[in-house]
Amino acid sequence: FSLPIQRVFLLSHFASPTFQAMSWLLATAALVGAVPAPNFGAVWQPHAPEADELVVAIDLDLCSNKATFTNSRCPSDTRVACWASNSTVDWWCMGKAMAGPRAASGLPWDVACVAESYAGACTYGTGARERHSPLLPKLLSWEDAISKAEDTLKLMSQEQKTSLLQGSGWEPTRWWFDLPKYFYVGNTPAIPEIGLPSLNMQDATDGFRTYWTELSGTVTVWPSILAIAATWDPIAVQDFAVAVGQEFRGKGANVILGPGVQVQRVARCGRSFEYLAGDDPYLGSELSRAYVKGVQSQGVLAIVKHWVFNSQETRRGEENSVVDNKTAHELYFPPFVAAIEAGVGGAMCSYNKVDGQYSCSNSYILNDVLKGELGFHGFVQSDWWAVHEPSFVQGLDQEMPGQASELFLSPSNTSQHPERVDEAATRILAAMYKVNLHESSSCSPPNCSEWFVRDVTDASHKALTKSLATDSIVLLKNEESMLPISKSVKKIAIIGSVADSGSYDPAGATQGLGMSWFSGDYYSGGGSGHLTGNVTSALQGLSARAALEGMEVIASASDNLTAAEEAARQADLAIVVVGATSGESVDRPNLTLERQGDDLIAAVAAISGTKTIVLMQICGAVLMPWRGSVGSILSLFLGGEATGEAWAAVVFGDVSPSGRLPLMMPETEADSIPPSSEDNVVYSEGLATSYRNTSWKAAYPFGHGLSYSQFRYSTPEVVECPYKHFTSSPVLCIKSTVENIGSRPSRTVPQLYLEFPPEAEQPVAILKGFQKTAILQPEDSAEVVFPLTERDLSFWKGGWKRVNRATAHLALSSANFLGSVLIELPEQTTTTAPSPPLSLSHSWKAALLTLFGAYVLAL
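Residues numbered from 1 in each chain as written. Predicted model: local features only at pLDDT ≥ 70, side-chain atom pairs only at ≥ 80, totals over all residues. Heavy atoms only, no water.

1. Considering the overall build of the chain
Inference 1: Across its full length, the chain carries 20 helices and 33 strands.
Inference 2: Taken across its 859 residues, the chain has 64% of its residues classed as buried.
Inference 3: Taking as baseline every contact in the chain between residues at least 6 positions apart, the subset at least 24 positions apart corresponds to 79%.
Inference 4: Accessible surface for the chain amounts to roughly 29900 Å². Of this, 51% is attributable to carbon and sulfur atoms. (Helix = DSSP H or I, 4+ residues; strand = E, 2+ residues; numbered from the N terminus. Buried < 20%, exposed > 50% of the residue type's maximum accessible area, 1.4 Å probe, protein only. Contact = heavy atoms within 4.5 Å. Areas by Shrake-Rupley, 256 points an atom, 1.4 Å probe, with all protein chains shown as cover.)

The following block contains the structure:
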């Protein structure tokens, strides 16, 4: 028995009843309860692994590193243990039989053990050298899904077809529109006579929106999507997306209005916390791909958004985005392309205009680019109330929430363009079949009340949200190894009103009215992506953990400077908790911390000096003019319900921080792009945003993040790609070895930046690879391999053109390069077909053929 291992599967006779319940069946049974499902066919079961598919991986700290470890804790044949922080509590020790193929749980080990009320999991082996994504259910191919859709279309009347193309449920009121109780935010009617369920669409990327007050506490308040991006971990993103998909299905929803994958342009964007890409197209692509696969594996259809150039909330329904061809293809399109490659079922067009036409009515953007060049097989859905011009013939397939009939689905449109009706209906049907909605759906409004109020949280999801929040924490500064907190510390001060802030509930009578609906808090951003529930504050989490260490806590959970100074004087070290939040439809007025955070930090630092630790619960980039006067700085991009527990785990050293910045922290406001109030928002900077702008200064660069250990990297080298990377069709691979030369087990995130020749017209070396390692023990090492595809080695110049030479830089961030290697390739004699002004319009088939030809030449 060997352990080259990533996810662990337990034989049922080794597992407790609770542990046995933590299986893939959680999505289809445990969350569903006793409410009978409509007869839409057999209940869909996820794909169970075949015996020869079983790959088990352990990515854990050593049991011998735990404070309560003794040689007699477990039998000699133990492989993994759930360990207890209390020395009097027995550990749960498991041997070889844990790898049996009969009881796959699909849960990360740490999550599974915490769900069983243990402190976590540890290994008696040597730990993992590699990490792999867990197996996911197999979905229908687009070819088969389209074939089924075409067969179904033959059975449908014109009325049934058009019922798929427009939303229903919202009712007009004196002031606006109202959503009837226990309708989803988007709905289409079921057609049971031909086995079609309703589409039950709910916000948002980060979890099931708590639209009504009574839903609070019935779903997990997950970390924000920007926090998930800060993990720099596609495996963690996929785990997260699977769990979110489970909760949506448990609530009767079968469509998730996400992921949001817009690459950030405006640092003050009110929805930065909702976007998975952060500042970078490559990071966004890798994480978007993992998210789509994870959610749709649970029988929940994903809608990638917002297509396209929706970079600010200021005048979002009026501004006209003007973007050049190169910038569009190299910077803003890639995360959407990745979602399409992952099989995403839908795409939501944005509120803004593109080149003078509203996005949802822009035939060129919808038909020529999205459905043509990019090869998108799913359906295009409007954002809610985003249709202002004729849009049906122009390429929009579904109007939401169903209040623009004259502009979209007028009788003249349907009678004059029956082929367009068939095309739109086919696209929607194909997306439904691809993720098995006809088999996995649960209810149809208005008969979904019992599903809506169901509690879909559980111990495994609570453990996972803590793990995700912890892994997303970025250690920006740690002067003189201030962290983790030394056991010699006897008194700590916890300062700031953010430390004990609550979860904001915008629901109820004021939902959608006034200013309240888009207000966020310091756990979840505001608007359609807001989640409300039971949260653990920083004060609660840190105080509980300090009590275990016998430390006294002096709390000043206010922003009173005098009280803060007095608390700091009494303590051995001071922890100041500050924050900034934001919400949909309004951009931030500045990048300054809220609640006088800068003044609070300055006042405490004047007393405690470098014994000041700053914890930031933030929605995006912030300014840190005080950073030189404090000892340690950590950021958490709105960490959800487990915020306090995550802070405690990192600050007290239970976990070494491994998050990395998904965006640049600017030194001043001038080192970022502000939102524009102009009619035309011209992306005149081109690619020069974030770290790609050489004129800007960063307080902390994109990709930055420290740990409690130190690592050494070998010089990168060009190698032939290992077989496991062949699925991405790489041209070549870059390899390096990383060694933990510090004293603590930890992860690291080596990054790869490619510097192209001047002809590429790229301002700096750009991210083209990253890999989050397994936990490396002191003196342990691991090999990291970065596969580079034809597209990774190409730039846009009237079409994609591969470079003949490039320099690959191994790096810790966009500003910290470690070593370099020259890449030389055979000269490319063909390029992709040239495009007309503004965007590429040749067909996706032609693009693939040309690309394939270039790839053959490269070989």
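Having seen the structure, we can now continue with the description.
2. Some words on the environment of Glu790
Inference 1: Within the fold, Glu790 resides in the loop between strand S29 (781–789) and strand S30 (794–796).
Inference 2: The exposure class of Glu790 is buried, given its relative accessible area of 5%.
Inference 3: Sequence separation between Glu790 and Ser729 is 61 residues, and the spatial gap between their C-alpha atoms is 8.0 Å.
Inference 4: A polar contact of 3.1 Å, which involves the side chain of Glu790, links it to the side chain of Arg802. (Polar contact = N/O pair within 3.5 Å; in protein donor to acceptor, adjacent residues only side chain to side chain.)

3. Points about unusual backbone geometry
Inference 1: The residue after Asp203, namely Ala204, is reached through a cis peptide bond having omega -5 degrees.
Inference 2: For Ala204, the position within the fold is in the loop between strand S7 (199–202) and helix H5 (225–229).
Inference 3: Phi angles above zero are rare outside glycine, and Leu638 is one such case at about 60 degrees.
Inference 4: Turning to its location among the elements, Leu638 is positioned in the loop between strand S20 (632–636) and helix H19 (643–651).
Inference 5: Of note in this structure, Ser690 is not a glycine but carries a positive phi near 50 degrees.
Inference 6: Counting through the fold element by element, Ser690 comes out in the loop between strand S22 (680–682) and strand S23 (698–700).
Inference 7: What makes Ser690 buried here is its relative accessible area of 6%.

4. Considerations on the sheet that holds strand S32 (residues 805–813)
Paired through backbone hydrogen bonds, the strands of a sheet run either parallel or antiparallel to each other.
Inference 1: Reading across from one edge, S28-S27-S32-S33 is the order of the 4 strands in this open sheet, with antiparallel pairing throughout. The two strands at the open ends of the sheet, each matched to only one other strand, are strand S28 (766–770) and strand S33 (816–824). Between one strand axis and the next, the sheet turns through 30 degrees on average, direction left out of account.
Inference 2: Sheet analysis places strand S27 (residues 751–755) next to S32, joined by 5 bridges and oriented antiparallel. Along S32, the bridge assignment pairs Leu752 with Leu810. (Pairing = 2+ DSSP bridges. Axes fitted to C-alpha atoms, helices over the stretch in contact; angles between N-to-C directions.)

5. Focus on the state of the cysteines
Inference 1: One pass over the structure, following the stated rule, counts 6 disulfides.
Inference 2: Across the disulfide from Cys82 sits Cys113; the S-S distance is 2.0 Å. The S-S bond linking Cys82 to Cys113 shows a torsion near -65 degrees; that makes this disulfide left-handed. Of this pair, Cys82 sits in strand S1 (residues 80–83) while Cys113 sits in helix H2 (residues 109–115), and the two are 31 residues apart along the sequence. Residues Cys82 and Cys113 agree in their burial class; the two are buried.
Inference 3: With a sulfur-sulfur separation of 2.1 Å, Cys721 is cross-linked through a disulfide to Cys733. Its S-S torsion of approximately 110 degrees makes the covalent link between Cys721 and Cys733 right-handed. Placement of Cys721 in the loop between strand S25 (717–719) and strand S26 (730–740) and of Cys733 in strand S26 is noted, with a sequence separation of 12 residues between them.
Inference 4: For Cys721, a relative accessible area of 13% gives the class buried.
Inference 5: A relative accessible area of 0% means that Cys733 is categorised as buried. (Disulfide = S-S within 2.5 Å.)

6. Points about helix H8 (residues 325–332)
In an α-helix, one turn spans 3.6 residues; hence positions three or four apart end up facing the same way.
Inference 1: The element H8 is largely enclosed, with a buried count of 8 among its 8 residues.
Inference 2: All buried positions along H8 are accounted for by Asn325, Lys326, Thr327, Ala328, His329, Glu330, Leu331 and Tyr332.
Inference 3: Taken together, the buried residues of H8 touch helix H7 (281–296), helix H9 (334–341), helix H10 (363–373), S30 and strand S31 (800–802).
Inference 4: Capping the start of H8 is the job of one residue whose side-chain oxygen sits 3.1 Å from the backbone nitrogen of Lys326: Asp324.

7. Considering the environment of Pro192
Inference 1: Here Pro192 is to be found in the loop between strand S6 (186–188) and S7.
Inference 2: Residue classification places Pro192 among the exposed residues on the basis of a relative accessible area of 53%.
Inference 3: Along the sequence, Pro192 and His438 sit 246 residues apart, while their C-alpha atoms lie 9.8 Å from each other.

8. Structural notes on the packing of H8 against H9
Inference 1: Orientation of H8 relative to H9, taken along the N-to-C sense of each, is 55 degrees, at an axis distance of 6 Å. When the axes of H8 and H9 are compared, the pair comes out oblique. For the pair formed by H8 and H9, the contact residues are Ala328, His329, Glu330, Leu331 and Tyr332 on the first element and Pro334, Pro335 and Phe336 on the second.
Inference 2: Looking at side-chain class alone, the contact of H8 with H9 contains 6 nonpolar, 1 polar and 1 charged residues. (Parallel < 35°, antiparallel > 145°, perpendicular 65-115°, else oblique. Nonpolar A, V, L, I, M, F, W, Y, C, P; charged D, E, K, R; others polar.)

9. Side note on the sheet that holds S7
Inference 1: With respect to topology, 6 strands assemble into an open sheet ordered S6-S7-S8-S9-S11-S14, the strand pairing being mixed. The open sheet is flanked by S6 and strand S14 (379–382), the only strands paired with a single partner.
Inference 2: Taken strand by strand, H10 contacts strand S9 (301–307), strand S11 (346–349) and S14, and its axis lies near 130 degrees from that of S9.

10. A word on the nonpolar core
Most often, soluble globular proteins have nonpolar side chains that are buried together.
Inference 1: Counting 124 residues, the largest nonpolar core has Leu165, Tyr291, Trp307, Phe309, Leu429 and Leu767 as the members making the most contacts within it.
Inference 2: Take this core: its biggest share by element is 9 residues, from helix H12 (residues 418–434).
Inference 3: Residues in contact with Leu767, not counting those within four places in the same chain, are Trp232, Asp280, Tyr282, Leu283, Tyr691, Phe702, Gln751, Leu752 and Tyr753.
Inference 4: Of all hydrophobic cores here, the second largest spans 42 residues; its members include Ile495, Ala567, Val578 and Ala621. (Core = buried A, V, L, I, M, F, W, Y, C linked by side-chain atoms within 4.5 Å.)

11. Points about the packing of helix H3 (residues 142–153) against H12
In a packed pair of helices, the relevant descriptors are the angle between the two axes and the axis-to-axis distance.
Inference 1: It is the contact of H3 with H12, at a shortest axis distance of 8 Å, that shows an interaxial angle of 125 degrees. Taken together, the axis directions place H3 and H12 in an arrangement best described as oblique. In this structure, the crossing between H3 and H12 has a hand that is right-handed. Where H3 abuts H12, its residues Trp142, Ala145, Ile146, Lys148, Ala149, Glu150, Thr152 and Leu153 lie against Asp422, Ala425, Thr426, Leu429, Ala430, Ala431, Tyr433 and Lys434.
Inference 2: Tallied by class, the residues present in the contact of H3 with H12 amount to 10 nonpolar, 2 polar and 4 charged. (Left-handed = near helix turned anticlockwise from the far one by under 90°.)

12. Notes on the confidence of the model for the chain
Inference 1: Per-residue pLDDT for the chain has a mean of 88; in total, 86% of the residues score no lower than 70.
Inference 2: Every residue in residues 1–56 scores below 50 in pLDDT, and together they form 159 contacts with partners more than four places removed in sequence or on other chains.
Inference 3: Long-range and interchain partners of residues 834–859, a stretch whose pLDDT sits below 50, account for 61 contacts in this model, where long-range means more than four residues apart. (pLDDT = per-residue confidence, 0-100.)

13. A closer look at the pattern of salt bridges
Inference 1: Throughout the structure, instances matching the rule amount to 34 salt bridges.
Inference 2: Note that Glu313 is salt-bridged to Arg316, the shortest N-O span being 2.9 Å. For the pair shown, Glu313 and Arg316 are each scored as buried.
Inference 3: Between Glu824 and Arg805 there is a salt bridge whose closest N-O contact spans 2.6 Å. With Glu824 in strand S33 and Arg805 in strand S32, this residue pair connects regions lying 19 residues apart in the sequence. (Salt bridge = Lys/Arg side-chain N within 4 Å of Asp/Glu carboxyl O.)

14. Comments concerning the side chain of Arg420
Inference 1: If you trace the backbone, Arg420 turns up in helix H12.
Inference 2: Overall, Arg420 belongs to the buried group, its relative accessible area being 6%.
Inference 3: Look past the residues within four positions of Arg420 in its chain and what remains in contact with it is Lys371, Phe392, Val393, Gly395, Leu396 and Asp397.

15. Re the packing of aromatic side chains
Inference 1: Tallied over the entire structure, the rule returns 30 aromatic pairs.
Inference 2: Between Phe309 and Phe333, the aromatic rings sit 5.9 Å apart at their centres with planes inclined by 20 degrees, giving stacked as the arrangement. Of the two residues, Phe309 sits in the loop between S9 and strand S10 (320–322) while Phe333 sits in the loop between H8 and H9, which places them 24 residues apart along the sequence. Exposure class is identical for Phe309 and Phe333. Each is buried.
Inference 3: Each member of the aromatic cluster is reached from another via a ring pair, and the members are Tyr182, Tyr184, Phe208, Tyr211, Trp212, Phe248 and Phe452.
Inference 4: Its guanidinium or amino end placed over the ring of Phe392, Arg420 lies 5.0 Å from that ring's centre, counting from NZ or CZ. (Phe/Tyr/Trp six-rings, centres within 6.5 Å; stacked < 30°, edge-to-face > 60°. Lys NZ or Arg CZ within 6 Å of the ring centre and 35° of its normal.)

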